[in-house]
Structures are given as C-alpha cells and as structure tokens.
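Secondary and tertiary structure notes
Given next are the chains, with one letter for each unit.
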Amino acid sequence: MDCERPSSTPMAEFLRSARARLTPREAGIDDYGPGRRRVSGLRREELARLAGVSVDYYTRLEQGRSRSASAEVLDALAAALRLDDAERSHLHTLARPRPTRRRRPRPQRVHPATWDLLDTLQQAGRPGFVLGRRLDVLAHNQLAGRLITDFRALPAAERNQARFVFLDPHARELYRDWPRVAADTAAMLRLDAGRHPDDPALGALVGDLSIRSAEFRRFWSDNKVHRRTTGTKDYHHPLVGDLTVTYQALTPGDDPDQILFVYGAEPGGPSETSLRLLAQWSGAAAGTGGVTEPAPGGLGGAGR
C-alpha cells in the first residue's frame, strides 16, 4: 500500500512526510521487534487507526485523491501525528479550498510607529528587525544591521533572510549552529508557502534557492514548518566574538504577515556587554544611533 505512487498536492506531501517522521515507539505502537518493518515511520493503517478514520479514507487524503477534510478529522490526524501548534495550523491551511481567482498581494509597508519602536530599541541597546512575506527584510535598526548584516547595503532583490542564510558565506560563519538556523529558515518559508500558495514571487524564491543551494533543497524536501515565538540564537561575530541573544517575535500593526523580532541578552552577562559594544560602534558609525527613515514601501524591496 505504501508503495503506490502518490499525488503531489501540498497536503498529501505534508501528511506523508509527517507520517514518515513519527516512529511507532513515539506513537505508542508496538512494532514487534526489529527487522519486521519496511518503513521507518508509521504505516498508513496505523495512523488511520490512531486518528479514528478508515484506511481507505486516509489513503485518499495522502494520495491527493481527496483534497479536503473536516476540521475534526484534521485535528484527529494532527493529534495522531503529534503535530505542534504551527504544524497543526499549517495542516488546516493546506486543507482549505484555494480561491479560484488569484489576488495580487498588497505591497507591504512598515508603519511609522514600528520605525519609532525600532529607534527606541536601538537606544536601549536591542537589535530589532521586521520580516515580511517570503522572509523579506522590511526594516531593521542600526544595531541589528551590525549584528547580522546591513540589508540596506544590498541590492533590493537580495534583502531577504532566506537568501542571506543560504547564499551569503558570512551567514555560515556568523551563526554558530548554522544547520539549525538553516533548517528553521526553510521551515518558516514553508509555513509562508502554505499561507500564500499562489504567490509568484515566493515560488521564484524557492526555485532560485533550490537551484543554488543543495542544503536548501534538502531542508525544503523535509516538508517541516516552523513558527518562531521566543528562543535563543548563538552568534560568532567577527568584532565581538561569541554571544547568545534571546528573541521574541511580535506582530506589529495590522499586517499579520509582518513579524517584529526583538533581541536581548542576559542582564549583566558577557553577551549583553557584546551588544553594548556593538551599539556604541553602530551609533558612532551612523552618527545618530537610530534608524534611517525608509523610502516609500519600507526597506528597499519591501513593496514587491
């Protein structure tokens, strides 16, 4: 049954990859010893039984022959697959019928209040930046530019977090755990693709990254999704050395496709000292210590 050639619908692909990642032990299933299984993950019939649906119905979902499912079925599958909140939401998004008419995405604008907040964060010694659709970098303060890279100095088409992570050699030296950052970046982009399946610019970005980066192709094929909320990130900065920052992801204004990332460090620790040094340097280099007012459309390229 698992050898049948599947369809390539996004929901079918996501279900197959999630099933393949879940081991019988994680699902609480006795696999009756090693050497008896032809697949490393769950079998279709095992997942169907855990979710309380028929094997035939689940097979049709996974093969793309049934493109919709009730919210109750999706929740049952999510529970059986041990999906987290981001993955569960992604599954529901993929199951929604696509609109018959494509609507051109509205250009994204960074609200003046958000720019004021970035300036306030700069004065407090905290890096801050805003990501939009496709992980486009819409805005950042001077300190974030010194910590990561000054996206304003890049051509408009390159002001994108995924392009930076996978294509800029500096990123591999900057992030102390580059593979984890790269995997999370691809998973964030996959989450965005589920919400905007008909975005031609997103399709072009994924295609370009797939051609130019073998690592991106591998992480993208994992079909994982990720939503950043809070956490830590480790850097190896060429000026201040190793530091660990905490981050919080917020949604500014009325655009749910924008994410404001606010960085900080443990009070009194060496990483906070490193951020202070970077803040002094960025303030001296900029002459103001704040942020540069954007051209219409935010940081160049934001209105694509």
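In case you missed it, the structure is sitting above this.
Residues numbered from 1 in each chain as written. Predicted model: local features only at pLDDT ≥ 70, side-chain atom pairs only at ≥ 80, totals over all residues. Heavy atoms only, no water.

This part is about the overall build of the protein. When its secondary structure is counted, the protein shows 14 helices and five strands. Taken over 304 residues, the protein has a buried fraction of 48%. Put simply, 59% of the contacts in the protein that link residues at least 6 apart link residues at least 24 apart. About 15,600 Å² of surface is accessible on the protein, with carbon and sulfur atoms providing 50% of the total. (Helix = DSSP H or I, 4+ residues; strand = E, 2+ residues; numbered from the N terminus. Buried < 20%, exposed > 50% of the residue type's maximum accessible area, 1.4 Å probe, protein only. Contact = heavy atoms within 4.5 Å. Areas by Shrake-Rupley, 256 points an atom, 1.4 Å probe, with all protein chains shown as cover.)

Ile148, Phe166, Tyr175, Leu189, Tyr235 and Tyr263 are the most contacted members of the largest nonpolar core, which has 41 residues in total. Phe166 has contacts with Arg172, Trp178, Ala182, Thr185, Ala186, Leu209, Ser213, Glu215, Phe216 and Phe219, leaving out every residue within four places of it along the chain. Membership of the second largest hydrophobic core comes to 27 residues, among which are Val53, Leu74, Ala78 and Leu91. (Core = buried A, V, L, I, M, F, W, Y, C linked by side-chain atoms within 4.5 Å.)

The general pattern is negative phi for most residues beyond glycine and trans for most peptide bonds. Phi at Arg134 takes a positive value of approximately 65 degrees, unusual for a residue other than glycine. With respect to the element layout, Arg134 can be found in the loop between β1 (128-131) and β2 (137-140). If you check the backbone angles, Leu135 has positive phi at about 65 degrees while not being a glycine.

This part covers helix α11 (residues 178-195). Between its terminal C-alpha atoms α11 stretches 26 Å, which fits the 26 Å expected from 18 residues at 1.5 Å a residue. For α11, the buried fraction is high: 14 of the 18 residues fall into the buried class. (Expected span 1.5 Å × (residues − 1).)

A few words now on the sheet that holds β1. Spatially, five strands are ordered β2-β1-β5-β4-β3 in an open sheet, and the strand pairing comes out antiparallel. Each edge of the open sheet is held by one strand with a lone partner, namely β2 and β3 (230-237). Each neighbouring strand pair of the sheet contributes to a mean axis angle of 25 degrees, computed without reference to strand direction. (Pairing = 2+ DSSP bridges. Axes fitted to C-alpha atoms, helices over the stretch in contact; angles between N-to-C directions.)

So, about the pattern of salt bridges. As a working rule, side chains carrying opposite charge can pair if their charged atoms are close by. Within the structure shown, the criterion is met by 15 salt bridges. Here Arg172 and Glu215 are joined by a salt bridge, their closest N and O atoms 3.2 Å apart. With a gap of 43 residues between them, Arg172 in helix α10 (residues 169-174) and Glu215 in helix α13 (residues 214-221) connect regions that are remote in the sequence. For Arg172, a relative accessible area of 37% corresponds to the partly exposed category. Given a relative accessible area of 25%, Glu215 falls into the partly exposed group. (Salt bridge = Lys/Arg side-chain N within 4 Å of Asp/Glu carboxyl O.)

Viewed as axis vectors pointing N to C, helix α3 (residues 44-51) and helix α5 (residues 71-80) meet at an angle of 115 degrees, and their least axial separation amounts to 8 Å. Viewed along their axes, α3 and α5 form a crossing whose handedness is right-handed. Here Leu47, Leu50 and Ala51 of α3 lie close against α5, whose contacting residues are Ala76, Leu77 and Ala80. When grouped by side-chain class, the residues that make up the contact of α3 with α5 number six nonpolar, no polar and no charged. (Left-handed = near helix turned anticlockwise from the far one by under 90°. Nonpolar A, V, L, I, M, F, W, Y, C, P; charged D, E, K, R; others polar.)

As a further point, take the pairing of strand β5 (residues 259-264). For β5, the tally of buried residues reaches five of six residues, placing the bulk of the element in the interior. Sheet analysis places β1 next to β5, joined by four bridges and oriented antiparallel. Paired with Val130 across the two strands is Leu260, which belongs to β5.

On to the packing of helix α1 (residues 10-21) against helix α6 (residues 85-95). The interhelical angle for the contact between α1 and α6, taken along N-to-C directions, is 150 degrees, at an axis separation of 9 Å. Here α6 runs roughly antiparallel to α1, going by the angle between their axes. Helix-helix and strand crossings are classified by hand; for α1 and α6 the assignment is left-handed. Together, Pro10, Met11, Phe14, Leu15 and Arg21 of α1 and Glu87, His90, Leu91, Leu94 and Ala95 of α6 make up the contact between the two elements. Broken down by class, the residue content of the contact of α1 with α6 amounts to seven nonpolar, one polar and two charged. (Parallel < 35°, antiparallel > 145°, perpendicular 65-115°, else oblique.)

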